[in-house]
Amino acid sequence: QTVTVSSSASHAIPSTLWGLMFEDISSGDGGLYGELLQNRAFQQVVPGTPDALNSWSSINGGAISVVSDNVPVSSALPNSLRFNVPNGLSGPVGFANSGFFGIKVDSSWTYKASFHFRFPTRSSFRGNLVLGLRSSSGETLASATVPISASSTSWRQVNVSLRPSSSASSLSNQFFVTVDGNSARGQTINFAMFSLFPPTFKNRPNGMRIDIATALAGMKPGVFRFPGGNNLEGQTPASRWQWNATLGSLLDRPGRIGDWSYINTDGLGLLEFLTFCEDTGMEPIMAVWSGFALGGTSIAQDQLQPFIQQAIDQIDFVIGDPRTNAAAARRAALGHPSPFKLNFVEIGNEDFFAADTYTHRWTTFVDALQSTFPHLKFIATSNINDPILTPKPQVYDHHVYQTPTFFAQNSFFYDDMARDGTLYFEGEYAAISTNPNDIFGTPADGRLPFPTMQGSAGEAAYMIGMERNSDIVFAAAYAPLLGHVSNSQWTPNLVGFDSGQVFKSTSYYVQQLFSLNKGTEYLPSTLPPRNGTVFWGVTRDRTNLIIKISNTGSSSATLNFVLPFNVASTGIAHLLTGEATTSNTPTSPKAIQPSSHFIRTGRRFSYAAPAVSVTVITIVRE
Ligand SMILES: O=S(=O)(O)O[C@H]1C[C@H](O)[C@@H](O)[C@@H]1CO
């Protein structure tokens, strides 16, 4: 196959092209968000039920229960851990938290532990709390002693730093709090709002886990879509994501029942999202709730005003003027007086599930928001031009979960899209099954537990198409982004993790190769055959010519490039290839990784793309 490259660029490559889609789908709490304790504040649990004590356990007979405290630590956190020391015990007695399927104990880290406690009954008792980190077999790895007295019934906060004496060999470790069973016999102490943080990305308080955040930043992503995805919507309007409930002190965040069957702490909230965007150079694509909850409730058009006002306030928190706007003043009070960067606001999520009411919800929201924020672009989430929406959307968010083959066969999906001023955001895409008749089924029925090399090559073919059409595709994001390998609501995920490490998939490497070698202009070239198996695209930036190739076929393919200008006689081929069905997994985390090779290049050169491979060639321009 000969590929002739044009000397003049057709369009600029948007800086926003390759980005991240984030929602809490076993990915925020216990994942990207740095908090190490699960069920740290007993948010949204029912006192007295087994779930209320999720992740908490007794040590040596300590009696623990979750109670609705008659003197709650805050109005947002009504529940406390009631701890009682029965008579007749000796030695350390207390309770422990097992984290999110483990807690990594690293002796090079300083951990920050915090909790609030109060004695419900005043007494002359004085004693010591011993808290810290221990292996599940009971070996103490780090500890601190805090003197306490029952001289007052008011809440007091404990803050201590913990430096493990040694790193634990396994992840099954716990955070613990104990008292001496004999001297504290009969005592009752209430606890609330526990927190245990490792060092965080950019050392941000209430920040992100370093290894995961670093892996995400390592893709140099252009955009960050949040807070969902389904997790924006709520099963009912009352349990929808609400920006104002995710701000400020952790004592003021009630948490919510998320849309992936577990409670969200909302410790990772709107300001943390925006700060993360600034810390990694991503532009936010922020969603507002659009009046539809996943349980099926749509808000009637004449009842939408409060939700529209909440959306206006959410946007004002991000970009408003603190001198004239209360929501913006909250942003300033939280330490960020200047506005954040924001150009795109998404109205809802996947509203093709509720297209019949989206027609009025879209109109009512966009009429109000566009007049309040004239410079923003609003993204529609129903199917493209179906139903017809008023006003006509400037942007659509298109999602596709499919087989590897589908992606290879749809590399030209955007070539046929009308150039009528509409922009497109490929907000979610991934090869998730090999079974075209059951895309969302179980692994037994073709679902992928982890991305595979053939899935990643299919995605690369589709991405080559989006790059070619990046005059109208301004952003795209693989979804879901993150998944805990021990407990996920969805597979495959771009990045897997457990409480100790990060697992980068073959699809992660495709995203990274494409994003780090984006180029700034698109150079048209001989089009790949639409129904072929090999796809390529050419871009350039000031220093490099960049050629992206995906060979989704089962045999090597040689491309003969003919360039209209001089380039260096040696280039670099960044190659990702391996067996079609191979994945990087916790047991084989580095099964397939990119490798870089020098290749001979020049005005004319050939490159043999191996079967099932993705290659990014970079050549210095003369
Ligand atoms: O069950 S789905 O609707 O397919 O869920 C998908 C689509 C939704 O936007 C996102 O939250 C989720 C996984 O990324």
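These numbers were taken from a predicted model, which means no experiment stands behind them.

What counts and what doesn't
Residues numbered from 1 in each chain as written. Predicted model: local features only at pLDDT ≥ 70, side-chain atom pairs only at ≥ 80, totals over all residues. Heavy atoms only, no water. Helix = DSSP H or I, 4+ residues; strand = E, 2+ residues; numbered from the N terminus. Rg over C-alpha atoms; globule rule 2.2 N^0.38 Å. Buried < 20%, exposed > 50% of the residue type's maximum accessible area, 1.4 Å probe, protein only. Contact = heavy atoms within 4.5 Å. Areas by Shrake-Rupley, 256 points an atom, 1.4 Å probe, with all protein chains shown as cover. Lys, Arg positive; Asp, Glu negative; His and termini not counted. Charge placed at Lys NZ, Arg CZ, Asp CG, Glu CD. 1 Å grid on protein atoms, 1.4 Å probe; cavity = no way out; pocket = protein on both sides within 12 Å on 5 of 7 lines; lining within 4 Å. Points joined across faces, edges and corners; volume = space filled by probe spheres on them. Near = heavy atom within 4 Å. Polar contact = N/O pair within 3.5 Å; in protein donor to acceptor, adjacent residues only side chain to side chain. Pairing = 2+ DSSP bridges. Axes fitted to C-alpha atoms, helices over the stretch in contact; angles between N-to-C directions. Arc of directions from axis to C-beta. Nonpolar A, V, L, I, M, F, W, Y, C, P; charged D, E, K, R; others polar. Phe/Tyr/Trp six-rings, centres within 6.5 Å; stacked < 30°, edge-to-face > 60°. Lys NZ or Arg CZ within 6 Å of the ring centre and 35° of its normal. Parallel < 35°, antiparallel > 145°, perpendicular 65-115°, else oblique. Left-handed = near helix turned anticlockwise from the far one by under 90°.

A tally of helices and strands in the protein chain yields nine helices and 33 strands. A compact globule built from 622 residues should have a C-alpha radius of gyration of about 25 Å, and the protein chain, at 27 Å, falls within 12% of that. Across its three principal axes, the protein chain shows a C-alpha extent of roughly 90 × 60 × 45 Å. Expressed as a percentage of the 622 residues in the protein chain, the buried residues total 60%. Pairs at least 24 apart in sequence give 75% of the contacts found in the protein chain among residues at least 6 apart. Accessible area of the protein chain: about 22,800 Å², with a carbon and sulfur share of 51%. Measuring between centres, the 40 positive side-chain charges of the protein chain sit 9 Å from its 44 negative side-chain charges.

On to the layout of surface pockets. For the largest pocket, the calculated volume is near 790 Å³. In terms of lining, the largest pocket is formed by 31 residues, of which the most central are F197, R204, P205, N206 and G207. Of all the secondary structure elements, the ones that give two or more residues to the lining of the largest pocket are strand 8 (111-118), strand 11 (156-162), strand 13 (188-197) and helix 3 (270-280). Per-element tally for the lining of the largest pocket: the top contributor is helix 3, with five residues.

A separate point is the site of the ligand. Taken together, E23, G229, N230, W260, N349, E350, F353, Y401, E428, F440, P480 and W490 make up all the residues around the ligand. In the environment of the ligand, an oxygen atom lies 3.1 Å from a nitrogen or oxygen atom belonging to the side chain of N349. At 3.1 Å from an oxygen atom of the ligand is found a side-chain nitrogen or oxygen belonging to E350. Protein chains bury 87% of the 360 Å² of accessible surface belonging to the ligand in isolation.

A word on the sheet that holds strand 4 (residues 56-59). The antiparallel open sheet is built from five strands, whose spatial order is 4-7-12-9-10. Either end of the sheet is taken by a strand with one partner, and the two such strands are strand 4 and strand 10 (140-149). Direction aside, neighbouring strands of the sheet carry axes that sit 20 degrees apart on average. Of the strand pairs in this sheet, strand 7 (residues 92-97) and strand 12 (residues 173-180) are connected by six bridges, and their pairing is antiparallel. Looking across to strand 12, one finds that V93 is bridged to V179.

With that settled, the discussion passes to helix 5 (residues 326-333). If you check which residues of helix 5 are buried, you get A327, A328 and R331. Axial view of helix 5: buried residues confined to an arc of 100 degrees, hence all on one face. For helix 5, exposure combined with an orientation more than 90 degrees from the buried face picks out A326 and A333. With a side-chain oxygen positioned 2.9 Å from the backbone nitrogen of A327, the residue opening helix 5 is N325. Count one or two residues on from helix 5 and you reach G335, which has phi positive near 105 degrees.

In this section: empty space enclosed by the protein. Once rolled over the atoms, a probe with the size of a water molecule shows which space is left empty. Taken as a whole, this structure holds four cavities of 30 Å³ or more when the rule is applied. Size it by volume and the largest cavity reaches roughly 100 Å³. Lining the largest cavity are 13 residues; nearest its centre among them are D24, N264, D266, L268 and F273. A class-by-class count of the residues in the lining of the largest cavity yields five nonpolar, four polar and four charged. Of all the elements, helix 4 (residues 305-319) adds the most residues to the lining of the second largest cavity, at four residues.

In this section: the packing of aromatic side chains. One pass over the structure, following the stated rule, counts 42 aromatic pairs. Between the aromatic rings of W109 and Y111, the centroid separation amounts to 5.8 Å while the plane-to-plane angle is 55 degrees, which identifies the pairing as tilted. Since its relative accessible area comes to 22%, W109 is described here as partly exposed. Here the aromatic rings of F407 and Y462 are separated by 5.1 Å at their centres, their planes lie at 80 degrees, and the arrangement is edge-to-face. Residue F407 is found in helix 7 (residues 404-409), and its partner Y462 is found in helix 8 (residues 453-468); the two are separated by 55 residues along the sequence. In this pair, the class of F407 matches that of Y462, namely buried. Of the aromatic side chains, those joined through ring pairs into one cluster are F42, W56, F83, F95, F115, F175, F191 and F194. The residue whose ring lies beneath R240 is W289, and the NZ or CZ to ring-centre distance is 5.2 Å.

This next bit is on the environment of F425. Tracing the backbone shows F425 in strand 21 (residues 423-431). Here F425 falls in the buried class, since its relative accessible area comes to 0%. Along the primary structure F425 and F474 are separated by 49 residues, whereas in three dimensions their C-alpha atoms are 6.1 Å apart. Dropping the residues within four chain positions of it, F425 is found in contact with R225, I285, E346, I379, V395, Y396, D397, H398, F474, A475 and A476.

Moving on: the packing of helix 3 against helix 4. Where helix 3 contacts helix 4, the two axes come as close as 11 Å, and the packing angle between them is 40 degrees. Between helix 3 and helix 4, the interaxial angle falls into the category oblique. The two elements helix 3 and helix 4 cross, and the hand of that crossing is right-handed. On the side of helix 3, the interface is formed by L270, L271 and L274, while helix 4 contributes Q314, F317 and V318. When grouped by side-chain class, the residues that make up the contact of helix 3 with helix 4 number five nonpolar, one polar and no charged.

Glancing now at the sheet that holds strand 26 (residues 521-523). In a beta sheet, neighbouring strands are held together by backbone hydrogen bonds and run either parallel or antiparallel to one another. Read from one edge of the open sheet, seven strands run 2-26-27-28-33-30-31, paired in antiparallel fashion. Of all strands in the sheet, those bounded by a partner on one side alone are strand 2 (11-12) and strand 31 (595-600). Relative to strand 31, strand 30 (residues 570-577) runs antiparallel, the two being bridged by six bridges. By the bridge assignment, G571 is partnered in strand 31 with I599. Packing of helix 8 onto the sheet brings it into contact with strand 2, strand 26, strand 27 (534-540), strand 28 (544-551), strand 30 and strand 33 (613-620), and relative to strand 28 it is tilted by some 135 degrees.

Don't take any of this as a statement about function, it's just geometry.
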